[in-house]
Structures are given as structure tokens and as C-alpha cells.
Amino acid sequence: MRARRTVALALAGLLAAATVAACSSGDGSSTTSGSGTAATVLSVGMPNGPQTENHNPFLGSSSGASLGYRWMIFEPLVMINGIKPTEPAKPWLATEWKWDANYTKLSLTIRDGVKWSDGQPMTADDVAYSFQLRKDNEGLNSDAIPYGAITASGNKVDLTFTRSQFTNQNKILTVFVVPKHQWSTLKDPTQDTLKNPIGTGPYKLKSFTPQTTTLELRDSYWQDLPKVKELRYTSYNDNNAQTTALANGSSEWSFVFVPNVKAVYQDKDPKNYKLWFPANLGIHGLWINTTRKPFDNPALRRAMNLVINRDDIFQQGEAGYFYPKVESLTGIPTPAGEPFIAPEYKDQKHAVDVEGAKKELSDAGFKLEGDTLKDPTGKPVTITLTDPAGWSDYITDLEIIKDNLSTIGIKATVDKANQDAWFKAIDEGNFDAAMHWTNGGATPYDIYQNIMDGKILKPVGKGGVSGNYGRFNSPEATKALDQYANATDDAARTAALNTLQKIMVEQMPVIPTSASNVGGLYSTKNWVGWPDEQNQYGPAQPTQQNALQIVLNLKPAGAQ
């Protein structure tokens with residue numbers, strides 16, 4: 001699977017029977033109470049291999065980020081539902097927030113009565129300091145927020161920005177807060193492993209080993225204390241070991257790709273073994289190198305889009321659950337992105353249309369001679385589809401796409417690349433087409449910006465790109481992205497986003513196939529109250545910030 005999107009899906013270690021045997025059998029996860037059994041421990045797992053102790057919440061490579069436990073120690077100002085981005089946010093460490101008209105100033109009211117795990121009170125100064133840390137240390141400012149003045153007075157914090165932050169507002173509101181009295185003593189906050197993390201969350205660190213990190217419940221917390229008294233985060237050697245642990249019940253919650261999920265997992269305990277993988281506003285699809293002929297021709301890309309079977313990709317490549325298919329012609333995932341879809345595309349969904357694809361090609365000067373498509377110069381159309389060999393679902397997706405493209409005479413070859421070589425080829429633009437992902441965010445802007453922004457466009461051969469891997473050059477798209485980001489009202493933003501959708505549909509720089517997900521597999525044997533299709537209060541992924549919300553919502557299944 002893809003390393004950059006989630007470390008869990010990239011590791012390919014060997015399955016160690018000893019690792020599985022050493023894991024909890026579940027005996028410690030409950031205590032007898034009268035005639036019933038009430039759970040006290042929740043076992044969380046990720047297939048990320050042995051961990052090095054690092055509790056620094058800023059670092060995406062830390063054990064706290066890899067396993068997800070940083071969110072149980074450090075809390076955000078505001079809690080936002082990642083699968084319902086237009087839903088009102090929940091006050092958390094901030095009780096109120098207000099942006100000015102052009103989103104260059106944010107005023108926050110900080111909650112009273114919150115204490116750090118060492119007993120000291122959390123104040124507005126801590127919040128201001130948490131932002132100042134990001135401003136002063138580029139390595140901690142992962143979203144490159146252009147901070148201006150940062151001030152605190154009483155329980156208020158005011159932030160200014162050098163340009164509109166409409167597109168980043170959720171990223172700013174969901175930052176976690178750290179204690180000034182600890183972090184101001186660190187020599188280098190971008191490198192410190194923070195052996196003794198102090199946070200406002202309901203849990204504190206109990207113990208760490210390379211295999212298991214254990215958190216214990218604090219004595220007091222500004223909200224009602226959760227029912228889960230202990231959290232055990234186990235890092236399994238690989239996907240197989242994690243899947244085995246889920247199936248035998250020693251792991252109760254995880255985010256992992258399981259190819260034959262029904263037989264391997266759900267059928268082991270149909271009553272209690274659940275999974276829920278809702279889409280968010282990010283996509284996966286076939287990125288096409290738009291600098292290579294004949295794929296610089298939008299008509300060819302549109303024709304390819306018309307024959308790629310999203311149903312087969314979902315059912316076969318993504319095992320019928322992992323990455324939901326994208327149906328809208330715009331590439332915007334639904335239902336999360338439904339409010340953003342332009343009126344002219346509202347009811348238009350993708351459907352395989354081989355004849356329609358052939359007409360697109362014919363009208364553009366391509367000729368289908370027997371089972372070979374020839375471009376307007378008379379040259380046969382061939383394409384190499386590439387992804388790393390270990391990314392099993394992407395490779396299956398490419399095999400499906402290869403067969404789909406043959407229906408319009410395109411001869412495709414699937415290249416199972418070396419991962420390092422693949423990353424370099426994508427980075428420098430030396431490829432024909434590849435399955436890849438986009439950024440995601442609170443609106444479809446992040447998707448389109450990642451695909452079409454001319455400001456991050458680099459020539460073929462020059463690496464260090466942060467998107468636009470297909471080298472798509474559209475001044476119109478770049479202008480619309482700027483208009484959206486700097487608009488002063490919703491009407492202007494809507495107009496700009498509608499323009500971007502039109503460019504996507506008509507020029508198809510990326511052929512969207514699947515939506516990103518924020519899902520999880522979990523057991524209701526010991527704990528109930530998980531999010532699901534009927535109760536979509538947050539994403540089900542244990543490494544997301546909303547994991548804290550989930551733990552606070554859980555109750556023992558056997559409680560009397």
C-alpha cells in the first residue's frame with residue numbers, strides 16, 4: 001500500500017508468530033462485576049512494525065502519530081467531523097471562535113477550568129505559545145500557515161495572517177495545544193522525543209516498549225472521564241499480523257487493508273466484528289503525464305475515463321470496502337462533497353461508455369484499426385501503468401485499467417516498480433500513468449489544487465514537487481484556484497469552484513476512481529458506541545484526531 005498516505009499500509013515485514021503470541025489474548029480487557037462483565041481496557045493495533053519511543057505530537061514519524069495515541073494526550077481547539085466537513089464544529093479547548101470577513105484574523109475564546117496532566121492550569125498563553133511555536137519553527141508548521149501577529153489577553157487569543165486563510169481554516173482550528181512551561185524548556189522542539197508528554201487529554205503515558213505503548217486514565221479531566229481506563233497500542237509487524245490479531249480478538253480496533261475481509265475477519269465473529277470506511281474529501285485515481293504525447297490531448301484522457309470501470313476497481317482492487325468508488329464526473333467524493341458539486345454536474349455520474357469513448361477519439365482524429373488505436377500521426381497508442389509491486393490493491397487496479405483500455409485499442413503494460421525508483425519517477429515526471437492519491441481537506445479545493453495548481457508545476461526532470469505530478473499546465477485552473485483561496489464571499493468561491501469542476505470534467509488531468517477513507521475495523525464484543533453508517537459522528541480511523549471523540553463515546557458492552 002501507499003507509504004506516504006499511511007505508514008501502516010506501506011510496511012512489508014515478515015509475519016512473526018512470536019509477535020502474535022506475545023500480544024494480549026483479551027484476558028486483561030475486562031473485569032468481572034457481579035453477574036456481568038465490564039470492559040476496562042481497549043486494545044488498539046496498527047501494522048507499523050517495532051516503534052522507537054517518540055511522543056512528540058508534531059512529528060508525523062513519531063510513535064505517537066504512527067499508532068494514533070498522540071490524540072489521547074494532546075487536544076485540539078475545535079473538533080471537526082472529517083466525513084462531514086460542512087457540519088458545525090464542536091467547541092473543545094476553545095469555546096468560541098470568529099473569523100473576520102476576509103479570513104485574515106481569528107479570535108478565539110479559550111475554555112476555563114482545563115488542567116494539564118501535571119496539574120497546572122491551561123491558559124490562553126499556552127494556546128498563543130502553541131501557535132508561536134509553529135510560526136517560529138518551519139518544521140512544526142506542516143501546513144505552511146502564514147502567521148502574522150499572535151497575542152493573548154485574559155482568556156482570548158487573537159491571530160492574524162498575511163493572506164486569506166479560508167482554505168486553511170479547519171487546519172488552524174484543529175491544531176493541538178502544548179504546555180508552554182514544558183515546551184519552552186526544550187532545546188529543539190522539532191527533534192525532541194518528549195519522553196514525558198504533558199497534555200490536556202484524558203490519558204497519560206504509562207509505559208512504552210517497541211511493541212506496545214500503554215496509556216492510563218488520568219484522575220480528573222475537564223469532561224466526564226471516559227469508561228476506557230487503559231489504552232494499549234500494539235504495533236504489529238505487518239498487515240498479516242495485524243489481521244490475525246483482529247480475527248482472534250487480541251486487537252479490537254485498527255486501520256488496515258484486508259483483501260478478503262469477510263472470510264478473514266468478519267466471519268470469525270459476525271455479531272461483533274465490524275468495519276466502516278466512509279469517504280472523505282480526497283481521491284485516488286490514474287494520474288496521467290500530460291506532457292507526453294498523445295496523452296497531452298484531453299480527448300484521449302476523456303476517452304480513457306469513459307472506459308475505466310470503477311465498480312471493478314472497488315470490488316476487486318479495493319476488496320469491496322476499502323476505498324469507496326468516486327461516481328461524480330467532477331471527481332468530488334460523495335456524500336462528503338455533495339454540497340460543493342456544480343448544478344450542471346449534480347446528477348451526472350460516471351458510467352462505462354465504450355462507444356462514447358470511441359466517438360471522442362474519432363472526433364479528435366484518432367483511428368481504431370482492428371484492435372489498435374492510432375493517434376492522429378498514425379502511431380499506435382501505448383501506455384505504461386506503474387506502481388510499486390507491494391501495493392497490491394493499486395496493482396490490481398492497474399490490471400483492471402489495462403483490460404479496460406484495451407476496449408478502445410490502447411495497449412497498456414503494468415510495471416511493478418521498485419518503490420524508491422517509482423517515487424523518483426513520479427517526483428521528476430518520468431512516467432506515463434500511475435495510480436496515486438491527492439491531498440484532502442474541508443472542501444474540494446485541496447483535491448483540485450493538488451492536481452492542477454500551476455504554482456507547484458515543475459518541468460519534467462526537476463523533483464521536489466508537492467503535487468501536480470502529471471505536470472498539468474492550465475493558467476485558467478491556477479487563476480480559479482487563486483480566486484477561490486482569496487475570495488471575499490461565498491458567491492465568488494462557488495463560481496471559482498464551478499470553474500475548476502468544468503476544467504476537471506473537460507480536461508481530465510487525473511482520472512478519479514476512488515475516494516480516500518477514514519475508516520476502521522473494530523469489535524463490539526467489549527465496547528459499544530462506535531461510529532457507523534447510522535451514527536456518523538466522526539471517522540472510524542484510530543490514527544485520526546476524532547479517535548479521542550470515539551474513545552469518549554465508548555461504553556462497556558457488558559456493563560450492568
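As shown above, the structure is provided for reference.
A brief look at the structure comes next. All values reported here derive from a predicted model rather than from experimental measurement.

### So, the overall build of the protein
In terms of regular secondary structure, the protein is built from 17 helices and 24 strands. Against the globule reference of 24 Å for 560 residues, the protein gives a C-alpha radius of gyration of 24 Å, in line with a compact fold. Oriented by its inertia axes, the alpha-carbon framework of the protein measures out at about 75 × 55 × 40 Å. A separation threshold of at least 6 residues defines the contact pool for the protein, and within that pool the share at least 24 residues apart is 69%. Total accessible area on the protein is roughly 22,400 Å²; 47% of this is exposed by carbon and sulfur atoms. The positive charge centre, built from 54 side chains, and the negative charge centre, built from 58, are 1 Å apart in the protein.

### Re the nonpolar core
In terms of nonpolar packing, the biggest core is built from 156 residues, with Leu42, Leu77, Leu108, Phe131, Leu231, Leu286 and Met304 touching the most fellow members. Ignoring sequence-local partners within four residues, the contact set of Leu286 consists of Met304, Ile308, Leu385, Leu398, Ile401, Ala433, Ala434, Met435, Pro509, Val510 and Ile511.

### A word on the sheet that holds strand S7 (residues 105-110)
Spatially, four strands are ordered S6-S7-S9-S8 in an open sheet, and the strand pairing comes out antiparallel. Two strands bound the open sheet, and with one partner strand each, they are strand S6 (94-99) and strand S8 (147-153). On average, each strand axis in the sheet is tilted by 15 degrees relative to the strand beside it, whichever way the strands run. With five bridges joining them, S7 and strand S9 (residues 156-161) adopt antiparallel strand pairing. Bridging across to S9, Ser107 finds its partner in Asp158. Relative to S8, helix H4 (residues 124-136) is tilted by about 165 degrees, and along the sheet it contacts S7, S8 and S9.

### So, the pattern of salt bridges
When the charged atoms of two side chains with opposite charge come close together, those side chains can pair. By the definition in use, this model includes 16 salt bridges. Put simply, Lys374 and Glu369 hold a salt bridge, and the shortest N to O gap is 3.0 Å. Residue class for Lys374 comes out partly exposed when judged on its relative accessible area of 24%. Taking relative accessible area as the criterion, Glu369 reaches 41% and is therefore assigned partly exposed. Through salt bridges with shared partners, a single ionic network connects Lys206, Glu230 and Arg232.

The rules behind these values
- Residues numbered from 1 in each chain as written.
- Predicted model: local features only at pLDDT ≥ 70, side-chain atom pairs only at ≥ 80, totals over all residues.
- Heavy atoms only, no water.
- Helix = DSSP H or I, 4+ residues; strand = E, 2+ residues; numbered from the N terminus.
- Rg over C-alpha atoms; globule rule 2.2 N^0.38 Å.
- Contact = heavy atoms within 4.5 Å.
- Areas by Shrake-Rupley, 256 points an atom, 1.4 Å probe, with all protein chains shown as cover.
- Lys, Arg positive; Asp, Glu negative; His and termini not counted.
- Charge placed at Lys NZ, Arg CZ, Asp CG, Glu CD.
- Core = buried A, V, L, I, M, F, W, Y, C linked by side-chain atoms within 4.5 Å.
- Buried < 20%, exposed > 50% of the residue type's maximum accessible area, 1.4 Å probe, protein only.
- Pairing = 2+ DSSP bridges.
- Axes fitted to C-alpha atoms, helices over the stretch in contact; angles between N-to-C directions.
- Salt bridge = Lys/Arg side-chain N within 4 Å of Asp/Glu carboxyl O.

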